[in-house]
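Listed below are the residues making up each chain.
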Amino acid sequence: MTARLAEIAALLGGESSGRADLEIRGLATLESAGPHDIAFVANPRYRAQLATTRAGCVIVAPALKDEAAARGAVVVVDDPYLAFARLSQWWAARVRPVATPGVHPSAVVEPGASIEEGASVGAFAFVDAGARIGAGAVVASHAHVGAGAEVGAWTRLMPRVVLAFGCRIGARCIVHAGAVIGADGFGFAPSPGGWVKIEQLGAVRIGDDVEIGANTCIDRGALDDTVVEDGVKLDNLIQIGHNVRIGAHTAMAGGVAVAGSARIGRRCTVGGASSIVGHIEICDDVHVSACTLVSRSIRQPGRYSGAFPFDDNASWEKNAATLRQLHALRERLRALEKRLT
Amino acid sequence: MTARLAEIAALLGGESSGRADLEIRGLATLESAGPHDIAFVANPRYRAQLATTRAGCVIVAPALKDEAAARGAVVVVDDPYLAFARLSQWWAARVRPVATPGVHPSAVVEPGASIEEGASVGAFAFVDAGARIGAGAVVASHAHVGAGAEVGAWTRLMPRVVLAFGCRIGARCIVHAGAVIGADGFGFAPSPGGWVKIEQLGAVRIGDDVEIGANTCIDRGALDDTVVEDGVKLDNLIQIGHNVRIGAHTAMAGGVAVAGSARIGRRCTVGGASSIVGHIEICDDVHVSACTLVSRSIRQPGRYSGAFPFDDNASWEKNAATLRQLHALRERLRALEKRLT
Amino acid sequence: MTARLAEIAALLGGESSGRADLEIRGLATLESAGPHDIAFVANPRYRAQLATTRAGCVIVAPALKDEAAARGAVVVVDDPYLAFARLSQWWAARVRPVATPGVHPSAVVEPGASIEEGASVGAFAFVDAGARIGAGAVVASHAHVGAGAEVGAWTRLMPRVVLAFGCRIGARCIVHAGAVIGADGFGFAPSPGGWVKIEQLGAVRIGDDVEIGANTCIDRGALDDTVVEDGVKLDNLIQIGHNVRIGAHTAMAGGVAVAGSARIGRRCTVGGASSIVGHIEICDDVHVSACTLVSRSIRQPGRYSGAFPFDDNASWEKNAATLRQLHALRERLRALEKRLT
């Protein structure tokens, strides 16, 4: 795949200088780019690399225009990172394998399921009775769409995704391989004979433009539904418990666990491997750092953290051992203070 | 699906008042219930909602009988939560899609496998030679039952569960989508040329009435088996290492990791995202809070915790930085104390 | 399966004593071994069990030779653990179900894919156009090998592994059930209308002799590839972000999360449930303890830790509450010190 610089400049809508007919053969980082690659500088931290990159063209913000133009072709846009994102989409649409519309001969589509125009159902996919696959949607190989489930237009379920019976996902979503949407929430009542299962009678409702990572799990609700609003982005291996509600445009990094009935606001971000306990509320615009346990509701926007600072093992051992006596240390300090007043 | 209140009251065996012919159309929370829904109050915390709920009927404990009856139909039972669990099962049995007995035409059952009466083998399921699927069991779409593996009566393997060769699961279990039972444990001997694999010659043995969450992994043993006793409940994305033993009726929330050869007692609970190191023992009736690393054996029943308390980022930064000097602080305090005596 | 002791001694190349014709029927731990089992003592901690084990033969280091020989048959080798690993492989090759070479009639191999000699493609496996399956390799049931992906000789993809389009894995690797190699990395540019996807144009490149655990995810790179070097061992449910590089012979335990663009050295070990933030570097020979967040680059070999020490809940509560005031405590201590000088 190749493109002319002029074509890319027109796509990005920015001012450009340098040979309009320069042939672009790939997108690359400043570090690895060659004379036919296009790269970008989004972060001033990487400005120094402008002097050394071999990129055929760079996308920069207005502040770096002259510096970048001095070394070769340039496209100037207000937000180089966003421009690069759009360019990556344009490029991918031209180089990626495309799902063939229609139902693969090996797939099983049960009677009563509806497959709308242009949708693709891959090898060994299973679409159960009453399910609806929207126009242009992709149900890739080994995926399972349960009875009565709904897949919105242009949404892609990657290989062996499970969308369980009665669950709904909106338009233009991507669900990566192995994700499980709509398994039972974890609910049991104690009894003298052991745990008694509470059947999970709700489902999962997912909005538009949502992306869900590989092997991530979103459980169905106990009575009401588990809800993921528009534009949410979830990375891999995330656990979303039953009846959680995730507000629009919230993003979570890999390995996060959210316990049942937590309500998370809009435009939040949650760092990798963090956890959120059940039945709490987090307001809009909260940013949780990696490896943090959010154990109480958060009512003020802002950043919250809670990881133990790592250290060389010997130092950690000494500090960790002392930590077990921290309360006692405070009492000793208090006693000293008292004596001295 | 609808039911008369009298039918439900008879099922739950409690005293009831209100119109016996009231038509119940669904189970709901106090908050979302309408005049044809039945709800419950298990926790006195939600007592205030009795005044505002629109539920057609509520299930309550004797202490709330009069208060609940004053507002409408009521079923009085000793344990409303348990009653609700049983009702949810009765309801689900009537509204859930049911697996069709028999082998789906697209499934592959290798010669020498046995499928007992009433069992269901779904689309694209694979049952290898010598495997045994018990009476009434379900092997859902894309599930894999390895050579010689055994699935007990009425157990359900949901879509694309893997039960590897030689592993056994008892009766009335549920294994949710994507769970992997019987992958190799993680064992390697160091050598000058790198890690040398220790083949995992054991298997996994799972008791009766066990529930295993979506994408959870239980590794096969190195020499002896990994064992999960009766009534254990594991949530999603849990990792159980080789040769772990989990005692009967223990429950673990999502994202827990248990390292090899740990032995966990009966009736324990482990909070989400906690970890248990290898080769330790935890006695019966231990409760581990969320995000706790259990790094030593626990010999006394009780609750154990170990999460770093989260805070706004600025406060966390100050405290975390100081934590790295905690041992030095203790020494300084000790020096002060010495000087003052 | 049975073997004569002489055969095993010859395999391990060690000095042996005891009946050469002793029939060995299994490998076992010292604790569970019977008179026809062979066991080993790798750790002097287990020396005491030599007196009580019923094992037919034990593999020991020279230091324990006499003690072991006094009780029965013995094989003496320099490294009993390594010898046992090799024996386990020899044994497994004789008792394990073997994949049948050839393509299962239910599999789908798209035109243009190449399956080399002796390779096995299992039930419902899907091999897309242009993919290459090396000699003797195994693509087990429900596995997905994407367009143009490459599987090296003798590598085994276990049931329902996904190796996405354009990704490559070397020779003699094992990828356990449910692992996803080559899903999109997690990259989005913020925009006023929400997150804009950055297409992940790189792939995943995996070396030789790598083992990857069940349900583990390795994301494809944004521009360059994500790289896993030779001999790396990853346990279950691990998340490897885009453009991570993992050096040769590094091993990671279950539940680890590595964020994007982290570079990890050779011969490192990472304990279970630990996390590594993005864009940092860890040098060779670093050992990270369980449940540690590595939040900065590590430039010196050694052991690093960062778990909160767990405690009974009451003690933890007191210490955790005090921890929130730690910085203030330091200030109070400083004030006292000042007053006293």
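Quick caveat: nothing in here was measured; it's all calculated off a predicted structure.

### Some details on helix 5 (residues 326-339) of chain B
Then step 1. The end-to-end C-alpha separation of helix 5 of chain B is 20 Å, in line with the 20 Å expected for 14 residues at 1.5 Å each.
Then step 2. Restricting attention to buried positions, one finds in helix 5 of chain B the residues Leu 326, His 327, Leu 329, Arg 330, Leu 333, Leu 336 and Glu 337 of chain B.
Then step 3. On its buried side, helix 5 of chain B packs onto helix 4 (313-323) and helix 5 (326-339) of chain A, helix 4 (313-323) of chain B together with helix 5 (326-339) of chain C.

### Description of the sheet that holds strand 6 (residues 57-60) of chain C
Strand pairing in a sheet takes place through backbone hydrogen bonds and is either antiparallel or parallel in direction.
Residues and elements named next belong to chain C.
Then step 1. Strand order in this open sheet of 5 strands is 2-7-6-5-4, and the pairing throughout is mixed. Both outer strands of the open sheet, strand 2 (15-17) and strand 4 (26-27), are each paired with one neighbouring strand and no more.
Then step 2. Summarising the sheet, strand 2 and strand 7 (residues 73-76) pair through 3 bridges and their orientation is antiparallel. Note that in strand 7 the partner of Ser 17 across the bridge is Val 74.
Then step 3. Taken strand by strand, helix 1 (residues 5-12) contacts strand 2, strand 5 (37-40), strand 6 and strand 7, and its axis lies near 15° from that of strand 7.
Then step 4. The strands touched by helix 3 (residues 80-95) are strand 4, strand 5 and strand 6; relative to strand 5, the strand with the most contacts, the crossing angle is about 145°.

### Topic: the relation of the copies chain C and chain B
Then step 1. Overlaying chain C on chain B yields an RMSD of 0.1 Å, the required transformation being a rotation through 120° with an accompanying axial translation of 0.0 Å. Such a combination of rotation and displacement between the chain copies is what one expects of a three-fold axis. Looking at the rotation axis and the C-alpha trace of chain C, the residue lying nearest is Phe 308 of chain C, at 3.6 Å.

### Some points on the interface of chain A and chain C
Then step 1. Chain A puts 69 residues into the contact, and the matching count from chain C is 75 residues.
Then step 2. Carbon and sulfur atoms make up 65% of the surface buried where chain A meets chain C, a total of about 5,900 Å² over both sides.
Then step 3. Linking chain A with chain C are 4 salt bridges.
Then step 4. One can count 29 residue pairs in polar contact (both at pLDDT 80 or more) joining chain A with chain C.
Then step 5. Among the elements that make up the side of chain A that touches chain C, the one with the highest residue count is helix 3 (residues 80-95) of chain A (10 residues).
Then step 6. Summarising the sheet, strand 40 (residues 311-312) of chain A and strand 39 (residues 302-305) of chain C pair through 2 bridges and their orientation is antiparallel.

### Here we look at empty space enclosed by the protein
Take a probe with the size of a water molecule and roll it over the atoms, and the empty space left behind shows itself.
Then step 1. Tallied over the entire structure, the rule returns 6 cavities of 30 Å³ or more.
Then step 2. The calculated volume of the largest cavity comes to roughly 670 Å³.
Then step 3. Residue lining of the largest cavity: 42 residues in total, with Ala 273 of chain A, Ala 273 and Cys 291 of chain B together with Ala 273 and Cys 291 of chain C positioned closest to the centre.
Then step 4. Its residues assigned to classes, the lining of the largest cavity comprises 24 nonpolar, 18 polar and no charged.

### Quick look at the domain arrangement of chain A
Then step 1. Once the domains are mapped, chain A shows domain 1 (3-95), domain 2 (102-304) and domain 3 (312-341).
Then step 2. Centre-to-centre separation of domain 2 of chain A and domain 3 of chain A, based on C-alpha positions: 45 Å.

### What to know about the packing of helix 4 of chain B against helix 5 of chain C
Then step 1. The geometry of helix 4 of chain B relative to helix 5 of chain C is characterised by a closest axis approach of 7 Å and an angle of 60° between their N-to-C directions. If you check the angle between helix 4 of chain B and helix 5 of chain C, you find them oblique. Only Leu 326, His 327 and Arg 330 of chain C of helix 5 of chain C make contact with helix 4 of chain B, whose side of the interface consists of Lys 318, Asn 319, Thr 322 and Leu 323 of chain B.
Then step 2. Grouping the constituent residues of the contact of helix 4 of chain B with helix 5 of chain C by class yields 2 nonpolar, 3 polar and 2 charged.

### Describing the sheet that holds strand 6 (residues 57-60) of chain A
Residue and element names in this part refer to chain A.
Then step 1. If you trace the 5 strands from one edge of the open sheet to the other, you get 2-7-6-5-4, paired in mixed fashion. Single-partner strands in this sheet number two, and they are strand 2 (15-17) and strand 4 (26-27).
Then step 2. Against the sheet, helix 3 makes contact with strand 4, strand 5 (37-40) and strand 6, and its axis sits at roughly 145° relative to strand 5, the strand it touches most.

### With respect to the interface of chain C and chain B
Buried accessible area, meaning the area lost when the parts come together, often serves as the stated size of an interface.
Then step 1. In this assembly, 69 residues from chain C lie in contact with 75 residues from chain B.
Then step 2. Across the interface of chain C and chain B, roughly 5,900 Å² is buried in total on both sides, 64% from carbon and sulfur atoms.
Then step 3. Our enumeration of links across chain C and chain B arrives at 4 salt bridges.
Then step 4. One salt bridge connects Arg 96 of chain C with Glu 199 of chain B, and the closest N-O pair in it is separated by 3.3 Å.
Then step 5. Applying the counting rule to chain C against chain B returns 29 residue pairs in polar contact (both at pLDDT 80 or more).
Then step 6. Looking at the side of chain C that touches chain B element by element, the count peaks at 10 residues for helix 3 of chain C.
Then step 7. Of the residues assigned to the side of chain C that touches chain B, the class counts are 36 nonpolar, 19 polar and 14 charged.

### A few points about the state of the cysteines
Then step 1. As enumerated under the stated definition, the model contains 0 disulfides over all chains in all.
Then step 2. The thiol of Cys 291 of chain C is not disulfide-bonded; the next cysteine sulfur, from Cys 291 of chain A, is found 8.3 Å away.
Then step 3. Owing to a relative accessible area of 22%, Cys 291 of chain C belongs among the partly exposed residues under this scheme.

### Quick notes on unusual backbone geometry
Glycine aside, a negative phi is what most residues show, and trans is what most peptide bonds show.
All names here are of chain C.
Then step 1. Non-glycine residue His 249 carries a positive phi angle of around 65°.
Then step 2. For His 249, the location among the structural elements is in the loop between strand 30 (245-246) and strand 31 (251-252).
Then step 3. Its identity as a non-glycine residue notwithstanding, His 279 has a phi of 60°, on the positive side.

### Comments concerning the environment of Cys 167 of chain B
Residue and element names in this part refer to chain B.
Then step 1. The topology assignment puts Cys 167 in the loop between strand 18 (162-163) and strand 19 (168-169).
Then step 2. According to the relative accessible area criterion, Cys 167 is buried, its value standing at 0%.
Then step 3. Taking the C-alpha atoms as reference points, Cys 167 and Ala 147, 20 residues apart in sequence, are found 8.8 Å from one another.
Then step 4. Setting aside anything within four residues of it in sequence, one finds Cys 167 in contact with Ala 149, Glu 150, Ile 181, Gly 182, Ala 203, Val 204 and Arg 220.

### Examining helix 4 (residues 313-323) of chain C
Then step 1. Every buried residue of helix 4 of chain C is listed here: Asn 313, Trp 316, Asn 319, Ala 320, Thr 322 and Leu 323 of chain C.
Then step 2. Here the buried face of helix 4 of chain C lies against helix 4 and helix 5 of chain A, strand 39 (302-305) and helix 4 of chain B together with strand 40 (311-312) and helix 5 of chain C.

Parameters and conventions
Residues numbered from 1 in each chain as written. Chains lettered and ligands numbered in written order. Predicted model: local features only at pLDDT ≥ 70, side-chain atom pairs only at ≥ 80, totals over all residues. Heavy atoms only, no water. Helix = DSSP H or I, 4+ residues; strand = E, 2+ residues; numbered from the N terminus. Expected span 1.5 Å × (residues − 1). Buried < 20%, exposed > 50% of the residue type's maximum accessible area, 1.4 Å probe, protein only. Contact = heavy atoms within 4.5 Å. Pairing = 2+ DSSP bridges. Axes fitted to C-alpha atoms, helices over the stretch in contact; angles between N-to-C directions. Least-squares fit on C-alpha atoms with pLDDT ≥ 70 in both. Buried area = accessible area lost by both parts, 1.4 Å probe. Salt bridge = Lys/Arg side-chain N within 4 Å of Asp/Glu carboxyl O. Polar contact = N/O pair within 3.5 Å; in protein donor to acceptor, adjacent residues only side chain to side chain. 1 Å grid on protein atoms, 1.4 Å probe; cavity = no way out; pocket = protein on both sides within 12 Å on 5 of 7 lines; lining within 4 Å. Points joined across faces, edges and corners; volume = space filled by probe spheres on them. Nonpolar A, V, L, I, M, F, W, Y, C, P; charged D, E, K, R; others polar. Domains from an automatic or database assignment. Parallel < 35°, antiparallel > 145°, perpendicular 65-115°, else oblique. Disulfide = S-S within 2.5 Å.

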